[in-house]
Amino acid sequence: MHKSIGVRCTAPLLAGALGSAALLLAPAATASAAPTASAAGAGPAASAAVPAMAAAPYEYLGWGSPQKPTDVMKAAGVKWFTLAFVLSDGGCNPKWDGSRALTGGSDEAAIKSIRAAGGDVVVSVGGWSGNKLGEKCSGASALAGAYQKVIDAYKLKALDIDIEDTEFSNATVRQRVVDALKIVKTKNPGIVTYVTMGTTPSGPDATGKDLIKRGAAAGLANDGWVIMPFDFGGHSGTMGQASVSALEGLKAAVKSAYGYTDDAAYRHIGVSSMNGKTDEAGETVTTADFRTILGYAQQHHLARYAFWSVNRDRACGSGTDADACSGVAQSPYEFTKIVVQYQG
């Protein structure tokens with residue numbers, strides 16, 4: 001997930017550094033309780049669920065010596081990024097890291113450069129640390145209005161709500177997020193939405209299952225319920241195997257809540273892994289694990305395959321912050337090159 005200055009991280013990052021994890025995107029769902037998985041929604045943004053959207057790794061432009069997105073595009077072949085994080089400025093108003101304006105600054109310039117190079121972005125709202133819009137906005141309508149400001153600022157085709165920590169643990173806030181997303185879906189036909197959360201090796205915990213059930217009960221046609229399978233606190237087998245186990249648990253929860261078929265349920269779940277050493281001592285996600293996840297995603301046509309983060313997709317130099325490198329031996333963008341093979 002994400003920590004202090006907005007980083008996604010279920011637990012404190014390595015050596016007390018900032019934190020990590022995140023994402024989501026892919027074919028959109030229909031509005032019924034058991035929609036067909038192929039629909040991308042109606043309306044002007046219906047083309048949003050393009051294949052490349054399904055592989056949109058996180059990049060955090062506020063820390064970790066971020067690479068120029070256009071350089072990553074050239075080196076790794078990636079087209080889409082999930083940019084993190086939008087937070088509350090202390091009230092019900094969205095800003096990057098809670099401090100940088102949505103428009104007129106370096107963040108907007110980065111998005112324009114990605115689009116000029118033939119790519120696009122998902123914007124991620126939330127993360128582990130900082131002031132959360134879900135908590136600072138007084139109700140669903142106000143929260144939807146805050147989300148709408150982000151959508152309007154960039155004419156987004158996709159939005160990721162990375163719900164963690166106190167925003168995740170509060171039942172009132174969980175319901176507020178669900179209700180706000182339903183409003184967003186109504187006002188923005190065809191927009192792709194993802195809800196990203198932590199997980200156990202066997203799938204979402206009771207809180208995560210409750211969130212999914214609330215979404216189904218509200219009639220929220222969410223395109224991807226996404227888990228972050230790392231920082232487990234113990235697991236069996238490889239991290240790739242543990243990720244698959246967690247995804248199977250997620251599929252079962254989404255199928256049960258929405259009444260989907262197995263195929264439709266798979267198409268409405270996603271994964272956001274973490275490359276290399278995670279926040280938990282002794283836990284490492286290897287390129288082999290990423291290939292295991294890739295095979296599973298391809299077999300079942302998951303809504304999304306992302307990871308935290310592009311910032312970390314390089315080997316560490318002497319004294320390098322763990323938020324800026326993977327902690328394992330690798331070539332540049334080795335993890336991104338695996339993820340980008342996923343096309344939904």
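Scroll up to find the structure this text is about.
Everything numeric here is computed off the predicted structure, so don't read it as measured data.

> Go over the overall build of the protein with me, naming the residues and quoting the values.
Within the protein, the regular secondary structure consists of eleven helices and eleven strands. Burial status across the protein gives 57% buried among its 344 residues. Long-range pairs, those at least 24 residues apart, make up 75% of the contacts in the protein with a sequence separation of at least 6. Split by element, the accessible area of the protein, about 11,300 Å² in all, is 53% carbon and sulfur.

> Can you break down helix H8 (residues 239-258) residue by residue, with the values?
The terminal C-alpha atoms of H8, which comprises 20 residues, lie 28 Å apart, in line with the 28 Å expected from a rise of 1.5 Å per residue. Taken as a whole, H8 has its buried residues at Met 239, Gly 240, Ala 242, Ser 243, Ala 246, Leu 247, Gly 249, Leu 250, Lys 251, Ala 253, Val 254 and Tyr 258. Along its buried surface, H8 packs onto helix H7 (206-218), strand E7 (224-228), helix H9 (262-266), strand E8 (269-274), strand E10 (284-285) and helix H10 (287-300).

> Report on the environment of Ala 54, specifying residues and quantitative values.
Tracing the chain through its elements places Ala 54 in the segment before strand E1 (58-60). We classify Ala 54 as buried; its relative accessible area is 1%. In the structure, Ala 54 is positioned 216 residues away from Gly 270 in sequence and 8.9 Å away in space, judged by C-alpha atoms.

> Account for the packing of helix H4 (residues 140-154) against helix H6 (residues 171-187), with residues named and values stated.
Two packed helices can be described by the angle between their axes and the distance between those axes. Taken N-terminus to C-terminus, the directions of H4 and H6 make an angle of 50°; their axes are 8 Å apart at the nearest point. As judged from the angle between their axes, H4 and H6 are oblique. In terms of crossing hand, the pair formed by H4 and H6 is right-handed. Contacts between H4 and H6 involve Ala 140, Ser 141, Leu 143, Ala 144, Tyr 147, Gln 148 and Ile 151 on the former and, on the latter, Arg 176, Val 177, Asp 179, Ala 180, Leu 181, Ile 183, Val 184 and Lys 187. Classifying every residue of the contact of H4 with H6 by side-chain character gives ten nonpolar, two polar and three charged.

Reading the values: the criteria
Residues numbered from 1 in each chain as written. Predicted model: local features only at pLDDT ≥ 70, side-chain atom pairs only at ≥ 80, totals over all residues. Heavy atoms only, no water. Helix = DSSP H or I, 4+ residues; strand = E, 2+ residues; numbered from the N terminus. Buried < 20%, exposed > 50% of the residue type's maximum accessible area, 1.4 Å probe, protein only. Contact = heavy atoms within 4.5 Å. Areas by Shrake-Rupley, 256 points an atom, 1.4 Å probe, with all protein chains shown as cover. Expected span 1.5 Å × (residues − 1). Axes fitted to C-alpha atoms, helices over the stretch in contact; angles between N-to-C directions. Parallel < 35°, antiparallel > 145°, perpendicular 65-115°, else oblique. Left-handed = near helix turned anticlockwise from the far one by under 90°. Nonpolar A, V, L, I, M, F, W, Y, C, P; charged D, E, K, R; others polar.

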